[in-house]
Structure formats: C-alpha cells, structure tokens
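# A closer look at the structure
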Amino acid sequence: MAVRLSKPWQPLTAENVGKLTSHLGVYQLALDDDTIVYIGVAGGRSTFGLKGEVSAHLDDPAGGGTHFRTEINMSYRSRHLELLQVHVHDHGTVPVGNTDIDPATLGRMRPD
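The following paragraphs examine the structure supplied in this document. It should be emphasised that the depicted structure is a prediction, and the values quoted were computed from it without experimental measurement. (Residues numbered from 1 in each chain as written. Predicted model: local features only at pLDDT ≥ 70, side-chain atom pairs only at ≥ 80, totals over all residues. Heavy atoms only, no water.)

## Topic: the overall build of the protein chain
Under the convention used in this document: Elements are defined by DSSP. Helices are runs of H or I of four residues or more, strands are runs of E of two residues or more, and each kind is numbered from the N terminus. Atoms counted for the radius of gyration: C-alpha only. Globule rule: 2.2 Å times the number of residues to the power 0.38. Using a 1.4 Å probe on the protein chains alone, a residue whose accessible area is under 20% of its type maximum counts as buried, one over 50% counts as exposed, and one in between counts as partly exposed. Contact criterion: two residues are considered in contact whenever any of their non-hydrogen atoms come within 4.5 Å of each other.
Assigned secondary structure in the protein chain consists of 3 helices and 4 strands. Listed by position from the N terminus, the elements making up the protein chain come as β-α-β-β-α-β-α. Relative to the globule expectation of 13 Å for 112 residues, the C-alpha radius of gyration of the protein chain, 13 Å, shows essentially globular dimensions. Seen through its C-alpha atoms, the protein chain measures out along the principal axes to roughly 35 × 30 × 25 Å. Counting the 112 residues in the protein chain, one finds 42% classified as buried. Relative to all contacts within the protein chain whose residues are 6 or more apart in sequence, the contacts with residues 24 or more apart total 69%.

What follows is the structure, encoded as structure tokens:
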C-alpha cells in the first residue's frame, strides 16, 4: 500500500456521497486545486461509516473542501495518523480543517 492516498478526487456532492458504503476507513477533503484541507476517519463509533462521516461535510465542508476521496481500512486509527504524518512531512503542518490535532503530538515520518 502506498503511504499517500492516491485515489482520484470526486466532487463533494450528495450524489457522489450517496454512492459510498458504510465501511470503516479514512477520507480526505480538498479544494479545487487538490490542496488537502481535512483528513478524517470513520471509526467504530461512526454512524454509517464513511458515508455518514463524509456526508456531514456536505453542508459544512471542513476548510472549504469541494472534493473528497476515501480508503476503506480496518486499521483506520493507524492509517489516519499515518496520513496526518505524511501531510506534516510534505507541508509542515496538519491540514487547516484538522484544528483538533496538535502537530507536535504526531510522530515523524519520512515517506520518500
């Protein structure tokens, strides 16, 4: 598995979100220029899994996200932290929508 999420972006619309399943996993929200603005997780306590978590951003997109992509993953907590660490490595900080994450608490990763 690649460290970075490389699936294609989909527009954040009700139609596209409606096609998602209720699986556990991680997701990213981005702007039109593919700038990641939020990295989220659909965990064991998420109502309707990825479908529920991403649909919550339809009316209130984190950081103004207009696109999303998902990854079904049973190790969702580890994968979420891994994606955050990669973002910090690439950009020096967490995405603007992840205001609840302190970058100093994340481990360091050198994915290259």
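## Brief notes about the packing of aromatic side chains
Worth spelling out the cut-off: Between the rings of Phe, Tyr and Trp (Trp by its six-membered ring), a pair exists once the centres lie within 6.5 Å; its type follows the angle of the planes, with under 30 degrees stacked, over 60 edge-to-face, and the other angles tilted.
Scanning the entire structure with this criterion turns up 1 aromatic pair. Ring centres of Y27 and Y38 lie 6.0 Å apart, and the angle between their planes is 45°; on these two criteria the pair is classed as tilted. Of this pair, Y27 sits in strand 2 (residues 25-30) while Y38 sits in strand 3 (residues 36-42), placing them 11 residues apart in sequence. By the burial criterion, Y27 is buried, and Y38 matches it.

## Topic: helix 3 (residues 76-91)
Basically, it comes down to this: Expected helix span is taken as 1.5 Å per residue step, with the number of steps being one fewer than the number of residues.
Look at helix 3: 22 Å from first C-alpha to last across 16 residues, which is about the 22 Å you get at 1.5 Å a residue. Taken as a whole, helix 3 has its buried residues at Y76, R79, H80, L83, L84, Q85, V86, H87 and V88. Tucked inside the fold, the buried residues of helix 3 contact strand 2, strand 3 and strand 4 (67-72).

## A few points about the sheet that holds strand 3
The condition is simple: Should DSSP find at least two bridges between two strands, the strands are taken to pair. Axes, fitted as lines to C-alpha atoms, cover a helix only where it is in contact. Angles between the N-to-C directions of the axes lie from 0 to 180 degrees.
Read across the sheet, 4 strands follow the order 1-4-2-3 without closing on themselves; strand pairing throughout is antiparallel. Strand pairing shows two members of the sheet lacking a second neighbour, strand 1 (10-11) and strand 3, which therefore form its edges. Helix 3 rests against strand 2, strand 3 and strand 4 of the sheet, and its axis sits at about 165° to strand 3.

## Side note on the pattern of salt bridges
In plain terms, the rule: Here, a salt bridge means any Lys or Arg side-chain nitrogen found within 4 Å of an Asp or Glu carboxyl oxygen.
In this structure the tally under the stated criterion is 3 salt bridges. A salt bridge links R79 to E71; its shortest N-O distance comes to 2.7 Å. On the basis of relative accessible area, R79 is assigned to the buried category, the value being 3%. One salt bridge connects E82 with R79, and the closest N-O pair in it is separated by 2.6 Å. Of this pair, E82 and R79 both sit in helix 3, 3 residues apart, which is roughly one turn of that helix. Three or more residues are tied together by salt bridges with common partners; here these are E71, R79 and E82.

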